[in-house]
Amino acid sequence: MELSCGGAPKADQFQPAQAAVLDIFNLYLGRIPKCKGDDSYRETPNKMQKRITAIHRELPPSNEQFLLDFEQLQAQFPDLATMIQKESIGWERALRCLRHALHATPSPDWWRRVLVIAPCYRQQAQQQIVVTGVVFSAEMVSEAMIDRIMELSKCTNSETSLWLEWLTLSDILYFLTKNGYIDFLDFVDKLVLRVRQGDQKFVRSNHITWLLTQIIRLEVVTNALNTDPKKVEAIRKIISFQTEERNFDQSIVTPQSILLEFISSSQSLRIWSFNPSNKDCLNPEQIQKGKQIEEWWRPFGKGERMLDFANLDDRSLGMFWVLSHTMVQSACDVLMNWLNSAGVSELMQSGSIQPNERMMVMRESCPLPMTFLSGLSIHLLLNLTSKIEDTLFQGQVIPSISLVEVYARILLIAPHSLFRLHFSTLSQRCPTLFSKPGASLLLLEILNYRLIPLYRYNGRSRSLLYDVSKTIASMKGKRGEHRSFRLAENLCMNLILSLRDNFSVKRDLKEPSELTETLNRICIVSLAIMSKTRGIGELDNFLYLQPLLEQILAASQHTWSEKTLRHFPPMIREFLKVRMDKRGQVIQAWQQAEATVINQCTQLLSPQADPTYVMTYINHSFPQHRKYLCAGAWMLMNGHPDNINSANLSRVLRELSPDEVTSNIYTMVDVLLHHIQIELQHGHLIQDLLFKASANLSFFIWTHELLPLDIVLLALADRDDDPHALRLLVTLLLDRQEFQQRVKICFLNRPTEHWLNTGLAKRVELQKALGNHLSGKDRYPPFFDDVAARMLPVIPLIVYRLIENDAADAAERLLATYSGLLVYHPLRFTFVREILAYFYGHLPSKLIVRILHVLDLPKIPFSESFPQHVNSSSPAACPPPDYFSGLLMGLVNNVMPPLSSKPRTGLVGDTAASPARTALSKAQSSVHSMPINVPENQKAFYQIQDPGNYSQLMLETAVIEILSLPVTATQIVSAFVQTVVHVQPVLAQSSYGMQMMQNVVGQSTGLPTSPSGGSTDSMSTSRSNTASGSTTPNLVSRTGCTSQSVSCLMIQACGLLLAQLPPDFHLQLYVEASRIIKECWWLTDATKSSRELDSAVGYALWDPTWAAQDSTSTAIGNTVALLHAFFSNLPQEWLEGTQTVIKQLRPVNSVALLRIAFRIMGPLLPRLASTRSLFLKTLALLFNVMADVFGRNSQPTSLIEVKDISDIIDFLHHAVLYEGQGPVQGDSKPKPDTLILCGKMVELLRPDLQHLFCHLRPDPKISIYAATHPKFVQSTA
């Protein structure tokens, strides 16, 4: 069965290529979708297409209903991209996808997975290029890149300057060229040809020259220009793009205009430097113009004048940008000199410092602003990054905070070109790096407080987690390694909670995890959140889940409370609830050791204790007793912290290993909670006990800073099965003021967006930032690290725990109190999206509003009316249809790949793109949809680090809106389905949309021979059509699509959006879709014959693009297309529920409904084939559905002959033969257990139908397949 034209992006990570990929597979199987909306799709079927045949069949097989999945096709077509012929439909669809990717800027990891190295570079790579999943060839990438360049050139030469879009494109082009995904010389040839063939809108400018200059220093480019036989011709083509860029308004000087004015000269000088003989090819005027750059630079290069790079005027800024393309080394040296120009000073530290401990640190200066860094050449940025790394990690002087900020900003400014894996890259350059405490601390700080979103965007979070976990494993048993260890542990917390798919804590699943107890617990919570809110995307990861759980729990003794487990997804919940709670054993062990521990603690911690006993205790006490040190101290306090010697306790805790301190904390929490229970039995008041407990904990955490705050709070939160643990936790965070004051001091002078800060940074003393325990004997100063900052991953986990325990008011207070802290959370957008999804249906409206306020609301593209719906004080009412159609149109505009195979029109600045734009300007202003500010949709990565690109932001914002509405999932799904079912009539309401339809299909809006969009099937009389008519022209003018194409995109967008929502919505979708199908008037019309219904179904399931073109969309056709779009975006874990829609349709009482059921499930079977149990369940369901109509006990259907359902019979044969083996071949055969199942199912059918499935039985006497299986042959023998 065919999927509707184009698919939709992947759910968990935006993949704009998936739509075209599915179409490409249809192409290979000879299924040419009947899309009339685009001329490029009108191609005759391939007459040489080989027909798939099965042996020993009475009926010829047909593959028209069978969709092969992406992964399975790789076995037959390992290099899919090279098989697509240019100018074919597959080629056009591939370009459609790539153009969309160049707009949406997916991660570098996505590009690596779908591209193949250009043929001209394969020999240089000296390796066999075998890449699974390759979709796009180098030639496709070049053509799509040229399309994007031409598109931007046209728009740039209109009223709008799209400098940010050019910067983003240069970053991607540099990445693609450097990695060999683009053949440079072929790219230049085609670009020259396209420019020469350009239309009247294209005006020559130096943007293309600047773009080529960015990549001209790459090794693959210089090799081509030096060694290629046609290098002279290539150079002439490159310089042919040069033009005399003049600023006609001399009163307006911008850095960009200066750069474009001189970039031709920079390029010419660079080409000349390759080989002096190239001078003959160059324009002498441009070489002469290069002297102006030298003259401008001479006084600065000689030191006669100084450039203040933090405060350059526009002309100086532009000239230095030019210099960065011309004299890279000189510009880099000057920048480094400026960054170091403030000099050094001695680091002033509190306490007694020995002469040999004196440390020198760079004085602070203003960090370079992002506007300055953005215009520098990528090659200069690479060189500058390397030099800064040498200073940061190998220098003898402690770097300034501003230098570290500049380093982080450079990496964020070009996330494709400049990204590197720090652990591997730096260890190769300096093998002894991690033996230097200061260097390793600095690296961990940069990663934890600046680069986590960058690693996630590049798909390298799991690699970083593995690297850091190895560091943790090596440190957790070392005495005194608290600062580095806790920072690495905090980094792992952030990484684990940022992951969107399964991860590994060790390469070998057979060995227990070497992470800490805290991290093992967070791993379980993260897996639960990920599984419940996004689903496990791939089969391998799904199968990997149980071994991963076993690996983690083998190293953890923790059990989760019933209140926590009830919110876990079923698989993880069932796995965890059988674990035995060992807390009773912990208390019993404590009681056995209590006398010895108290005796030791009395000698160690009494106010008059001998200080020399400290080393005696450390060196001679037993490990099983040391883990009770904090518990013993707690008992000696007895509510009076002054009763113990805090100095001795501090010394001992600092000398213990981090793992021993963690064990002490968890044991102390268990003991203190048990002690509270005992005291309650003795008649003490709980208020007094909690007050004493909080005072004692404050002594540990704040007064003498003996223990790490984050671990203590997490230990309390994990004991939520004790009724007093969370009360004590809330007291510490909300009733006491110590931590609240610490947060205010920590973030008093920190900007929320660190990349915007241009002022001098103020360094905080180590002891004030981290406290006594973490600082210890260390003297290396912190840069961004602070006790309060380390709470960023902890506060969200505590909020989860409070909600699980029905403490919504406390959770709201916590979010309100620490809202100033959460604005610094690196992934706060993800936190809001996930907590709303995880607790969907369990959050009061007041708490939802508080959660939303964690976001920077003005910067989130919410719908205009969304605040009204979520803040409404009136009884919950479902938003109007306009609201839901507006959400879908926002996705069509910003997320979905366009159906058109041609480059986009109607882009920002292209005022001539739509003739109706001017006339519709007033209508557009009143459109009720997500506010689409066009300049917003090309934000730089550093401005939108979470979730990473604007398309994903739009999609996730729509998800947040849906999850926040104060109405039920049933109402929301019903509204979306109704929008999709009536999408064509709704779009037709606008005068502009109606005019377009009439131009295409003439006077008729429906076909009288079948249920159509003009009939009551598609336009229910009971439904008020209130969708905004102005939405369609807005959409048409912005996307360049016809309103017919928009209806198809809206169906795909709806399927994509619903697939992002929790499973609660999925069940409602299945129920609503089945209801619409069963209640369709022509399926329930008793006067219609079976053949008439079967014919009507065939038309109803016609490709939605054709139906939209002819204005004959049907409710069933749109509903089935919605289900297909929904299925294609579901993660593997959530496919289990897809059978529900068929179960809701049963009992099936007609061939028409039978055909609908098979059409719904057809595209799913290839995805289910790799999951044996689910595939067999679905196969059995399809046989049962067939038995509803053609079963032994079903009502006779004498008018329907078996040959009328030959395609369904044929489909079942293909499904069985295909399972788990890839495309059906002549020697394909079913698996034994599949034959056994089919044999049982066939018995349910009528005798005249059973013989057509004889080969699917396990009897070797009648089945050729069974005869080839030794299992069946031996059993009969």
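Everything quoted here is computed from the prediction, not taken from an experiment.

Concerning the overall build of the protein chain
A count of helical and extended segments in the protein chain gives 65 helices and two strands. Here the protein chain holds 1277 residues, and 62% of them are scored as buried. Long-range contacts, defined as pairs at least 24 residues apart, comprise 79% of the intrachain contacts of the protein chain with a sequence gap of at least 6. In the form shown here, the protein chain has an accessible surface area of approximately 48,200 Å², with 51% of it arising from carbon and sulfur atoms.

Some details on empty space enclosed by the protein
In this structure the tally under the stated criterion is nine cavities of 30 Å³ or more. Within this model, the largest cavity holds a volume of roughly 220 Å³. What lines the largest cavity is a set of 19 residues, among which Leu 497, Ser 498, His 825, Phe 831 and Glu 834 lie closest to the centre. For the lining of the largest cavity, the secondary structure elements donating two or more residues are helix H23 (482–498), helix H24 (517–533), helix H39 (794–804) and helix H42 (828–838). Here the lining of the largest cavity gets four residues from one element, more than from any other, and that element is H23. Of the residues in the lining of the largest cavity, the class split is 13 nonpolar, five polar and one charged. There is about 150 Å³ of room inside the second largest cavity. The set of elements that each furnish at least two residues to the lining of the second largest cavity consists of helix H34 (686–703), helix H35 (709–717) and helix H38 (766–775). Per-element tally for the lining of the second largest cavity: the top contributor is H38, with four residues.

Some thoughts on the side chain of Asn 490
Positionally, Asn 490 belongs in helix H23. Judged by its relative accessible area of 0%, Asn 490 falls in the buried class. One polar contact links the side chain of Asn 490 to the main-chain carbonyl oxygen of Arg 790, over a distance of 2.8 Å.

Remarks on the side chain of Glu 956
Positionally, Glu 956 belongs in helix H47 (residues 950–964). Given the relative accessible area of 2%, Glu 956 is considered buried. Every residue in contact with Glu 956, bar those within four places of it in the chain, is listed here: Arg 534, Phe 829 and Arg 833.

What about the nonpolar core?
Phe 136, Phe 320, Phe 700 and Ile 1160 are the most contacted members of the largest nonpolar core, which totals 404 residues. Excluding residues within four positions of it along the chain, Phe 700 makes contact with Cys 630, Ala 633, Trp 634, Met 637, Leu 649, Met 668, Glu 705, Leu 706 and Leu 707.

Description of the packing of aromatic side chains
Going through the model one piece at a time under the given rule, you end up with 36 aromatic pairs. Aromatic pair Phe 393 and Tyr 407: ring centres 6.4 Å apart, planes at 80 degrees, arrangement edge-to-face. Linking Phe 393 in helix H17 (residues 378–394) with Tyr 407 in helix H18 (residues 401–413), this pair joins segments that are 14 residues apart in sequence. Since its relative accessible area comes to 3%, Phe 393 is described here as buried. Between the aromatic rings of Tyr 883 and Phe 884, the centroid separation amounts to 5.3 Å while the plane-to-plane angle is 85 degrees, which identifies the pairing as edge-to-face. A residue is classified by how much of its surface remains accessible, and Tyr 883, at 1% relative accessible area, is buried. Overall, Phe 884 belongs to the buried group, its relative accessible area being 0%. Lying over the aromatic face of Tyr 666, Arg 521 brings its terminal NZ or CZ to 4.0 Å of the ring centre. For Arg 763, the ring lying beneath its charged end belongs to Phe 783, and the centroid distance is 4.7 Å.

Let's talk about the pattern of salt bridges
Following the criterion strictly, the structure yields 48 salt bridges and no others. With a shortest N-O distance of 3.3 Å, Arg 534 and Glu 834 are connected by a salt bridge. Of this pair, Arg 534 sits in the loop between H24 and helix H25 (539–553) while Glu 834 sits in helix H42, and the two are 300 residues apart along the sequence. Put simply, Arg 1075 and Glu 1072 hold a salt bridge, and the shortest N to O gap is 2.6 Å.

As for the environment of Val 1202
For Val 1202, the position within the fold is in the loop between helix H60 (1172–1190) and helix H61 (1206–1218). Owing to a relative accessible area of 15%, Val 1202 belongs among the buried residues under this scheme. For the pair formed by Val 1202 and Leu 1249, sequence separation is 47 residues and the distance between their alpha carbons is 6.9 Å. Residues contacting Val 1202, with those up to four places away along its chain left out, are Ile 1209, Arg 1246, Asp 1248, Leu 1249 and Leu 1252.

Looking at the confidence of the model for the protein chain
On average, residues of the protein chain carry a pLDDT of 80, and 79% of them reach 70 or more. Note that residues 1–79 has pLDDT below 50 and, in this model, 237 contacts with residues that lie over four places away or in other chains.

Side note on helix H36 (residues 725–735)
The element H36 is extensively covered by neighbouring structure, given that nine of its eleven residues are classed as buried. For H36, the set of buried residues is Ala 725, Leu 726, Leu 728, Leu 729, Val 730, Thr 731, Leu 732, Leu 733 and Leu 734. Where H36 is buried, its residues contact helix H33 (658–681), H34, H35, helix H37 (738–746), H39 and helix H40 (808–817).

Concerning unusual backbone geometry
Here the residue pair Asp 946 and Pro 947 is connected by a cis peptide bond, since its omega of 15 degrees sits within 30 degrees of zero. Among the secondary structure elements, Pro 947 is positioned in the loop between helix H46 (921–925) and H47. Looking along the chain, the bond that leaves Arg 1146 and enters Pro 1147 is cis, with omega of 0 degrees. The phi dihedral of Glu 705 is positive, around 50 degrees, even though this residue is not glycine. On the basis of relative accessibility, which here comes to 15%, the residue Glu 705 falls in the buried class. Although it is not a glycine, Asp 806 sits at a positive phi angle of roughly 60 degrees. Residue placement: Asp 806 occurs in the loop between H39 and H40. Judged by its relative accessible area of 56%, Asp 806 is exposed.

Observations concerning the environment of Glu 660
Within the fold, Glu 660 resides in helix H33. On the basis of relative accessibility, which here comes to 19%, the residue Glu 660 falls in the buried class. It is 8.4 Å that separates the C-alpha atoms of Glu 660 and Lys 476, two residues lying 184 residues apart in sequence. At 3.0 Å, the side chain of Glu 660 and the side chain of Arg 626 are in polar contact.

Section: the packing of helix H7 (residues 163–178) against H17
Relative placement of two packed helices is described by the angle separating their axes and the distance separating the axes. Relative to each other, H7 and H17 sit at 70 degrees, their axes nearing to 11 Å. Classed by the angle they form, the pair H7 and H17 counts as roughly perpendicular. Every residue of H17 that contacts H7 at Ser 170, Asp 171 and Tyr 174 is listed here: Ile 378, His 379 and Leu 382. Residues that form the contact of H7 with H17 fall into these classes: three nonpolar, two polar and one charged.

Details of the packing of H36 against H39
The geometry of H36 relative to H39 is characterised by a closest axis approach of 12 Å and an angle of 140 degrees between their N-to-C directions. Taken as axis vectors, H36 and H39 run oblique relative to one another. For the pair H36 and H39, the crossing hand works out as left-handed. Touching Leu 726, Leu 729, Val 730 and Leu 733 of H36 are Ile 795, Ile 798, Arg 801 and Leu 802, all from H39.

Concerning H40
The set of residues buried in H40 consists of Ala 810, Ala 811, Glu 812, Leu 814 and Leu 815. Of the surrounding elements, those touching the buried residues of H40 are H36, H39, helix H41 (819–822), H42 and helix H43 (845–852).

Conventions and cut-offs
Residues numbered from 1 in each chain as written. Predicted model: local features only at pLDDT ≥ 70, side-chain atom pairs only at ≥ 80, totals over all residues. Heavy atoms only, no water. Helix = DSSP H or I, 4+ residues; strand = E, 2+ residues; numbered from the N terminus. Buried < 20%, exposed > 50% of the residue type's maximum accessible area, 1.4 Å probe, protein only. Contact = heavy atoms within 4.5 Å. Areas by Shrake-Rupley, 256 points an atom, 1.4 Å probe, with all protein chains shown as cover. 1 Å grid on protein atoms, 1.4 Å probe; cavity = no way out; pocket = protein on both sides within 12 Å on 5 of 7 lines; lining within 4 Å. Points joined across faces, edges and corners; volume = space filled by probe spheres on them. Nonpolar A, V, L, I, M, F, W, Y, C, P; charged D, E, K, R; others polar. Polar contact = N/O pair within 3.5 Å; in protein donor to acceptor, adjacent residues only side chain to side chain. Core = buried A, V, L, I, M, F, W, Y, C linked by side-chain atoms within 4.5 Å. Phe/Tyr/Trp six-rings, centres within 6.5 Å; stacked < 30°, edge-to-face > 60°. Lys NZ or Arg CZ within 6 Å of the ring centre and 35° of its normal. Salt bridge = Lys/Arg side-chain N within 4 Å of Asp/Glu carboxyl O. pLDDT = per-residue confidence, 0-100. Axes fitted to C-alpha atoms, helices over the stretch in contact; angles between N-to-C directions. Parallel < 35°, antiparallel > 145°, perpendicular 65-115°, else oblique. Left-handed = near helix turned anticlockwise from the far one by under 90°.

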